[in-house]
Amino acid sequence: IITLSDLECDYINARSCCSKLNKWVVPELVGQTFATLLMLVSMHWFICLLNLPVAVWNIYRFVKVPMGNMGVFDPTEIHNRGQLKSHMKEAMIKLGFHLLCFFIYLYR
């Protein structure tokens, strides 16, 4: 969120912002998928169903990267068609989701 807001305020350029964000896409994908599979194997059905949409969304985003783009975050397209706002909204939703999951994991 901070990196995207820095890009929005023109504190950093698009290329450095996208390279910072793209290096975290695969670890997030692997971590979320691993957590979902772990909950499935340990038979925590509610938590597995809670994590499943986020894991599927991460896989979908990773697979649907157009050819020639730098990654999920592309510096040539991030300012076009409101992608910066949609990336910011997605980051806020994921932050809320992970905060909710933190408290669910803590008290279960």
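Okay, so let's go over this structure. Model, not experiment: these values are computed from the prediction.

According to the stated counting rule, one finds five salt bridges in the structure shown. The residue Arg61 makes a salt bridge to Glu28 at a minimum N-O spacing of 3.9 Å. Of this pair, Arg61 sits in helix α4 (residues 45-63) while Glu28 sits in helix α3 (residues 25-41); the two residues are 33 residues apart in sequence, bridging distant segments of the chain. Judged by relative accessible area, Arg61 falls into the buried class, the value being 12%. We note a salt bridge from Arg61 to Glu90, for which the minimum N-O separation is 2.7 Å. Taken as a pair, Arg61 in helix α4 and Glu90 in helix α5 (residues 83-107) lie far apart in primary sequence, 29 residues in all.

It is at 12 Å that the axes of α4 and α5 come closest, and there the two elements cross at 155°. Between α4 and α5, the angle is such that the two are roughly antiparallel. The element α4 and its partner α5 pack so that their crossing is left-handed. Between α4, through Phe46, Ile47, Leu50, Asn51, Val54, Trp57, Asn58 and Arg61, and α5, the contact on the second element is made entirely by Glu90, Lys94, Phe97, Cys101, Ile104 and Tyr105.

Leu4, Leu7, Cys17, Leu21, Phe73, Ile78 and Leu84 are the most contacted members of the largest nonpolar core, which totals 13 residues. Counting only elements with at least two residues in this core, the list comes to α1 (2-8), α2 (14-22) and α5. In terms of residue count, the dominant contributor to this core is α2 (four residues). Discounting chain neighbours no more than four positions away, the residues touching Ile78 are Leu4, Leu7, Ala14, Cys18, Phe73, Gln83, Leu84 and His87.

Moving on, we come to a nonpolar patch on the surface. A cluster of nonpolar side chains, namely Val26, Val30, Ile59, Phe62 and Val63, defines an oily patch on the protein surface of about 440 Å² accessible area. At the level of elements, α3 and α4 are the ones that each hand at least two residues to the nonpolar patch. With three residues, the single largest contributor to the nonpolar patch is α4. Within the secondary structure, Val30 sits in helix α3.

Here His87 is to be found in helix α5. When neighbours within four sequence positions are excluded, His87 is seen to be in contact with Leu4, Val72, Phe73 and Ile78.

Turning to the environment of His79, a few remarks are in order. Considering the arrangement of structural elements, one finds His79 in the loop between α4 and α5. Taking the C-alpha atoms as reference, His79 lies 8.9 Å from Glu8; in sequence the two are 71 residues apart. When residues no more than four places from it in sequence are discounted, the contact partners of His79 are Leu7, Ala14 and Leu84.

Buried within α2 are the following residues: Ala14, Cys17, Cys18, Leu21 and Asn22. Viewed along the axis of α2, the buried residues span an arc of 125°, placing them on a single side of the element.

Criteria and cut-off values
Residues numbered from 1 in each chain as written. Predicted model: local features only at pLDDT ≥ 70, side-chain atom pairs only at ≥ 80, totals over all residues. Heavy atoms only, no water. Salt bridge = Lys/Arg side-chain N within 4 Å of Asp/Glu carboxyl O. Helix = DSSP H or I, 4+ residues; strand = E, 2+ residues; numbered from the N terminus. Buried < 20%, exposed > 50% of the residue type's maximum accessible area, 1.4 Å probe, protein only. Axes fitted to C-alpha atoms, helices over the stretch in contact; angles between N-to-C directions. Parallel < 35°, antiparallel > 145°, perpendicular 65-115°, else oblique. Left-handed = near helix turned anticlockwise from the far one by under 90°. Contact = heavy atoms within 4.5 Å. Core = buried A, V, L, I, M, F, W, Y, C linked by side-chain atoms within 4.5 Å. Patch = residues over 30% accessible without salt bridge, like charges linked within 9 Å, V, L, I, M, F, W, Y side chains within 5 Å. Areas by Shrake-Rupley, 256 points an atom, 1.4 Å probe, with all protein chains shown as cover. Arc of directions from axis to C-beta.

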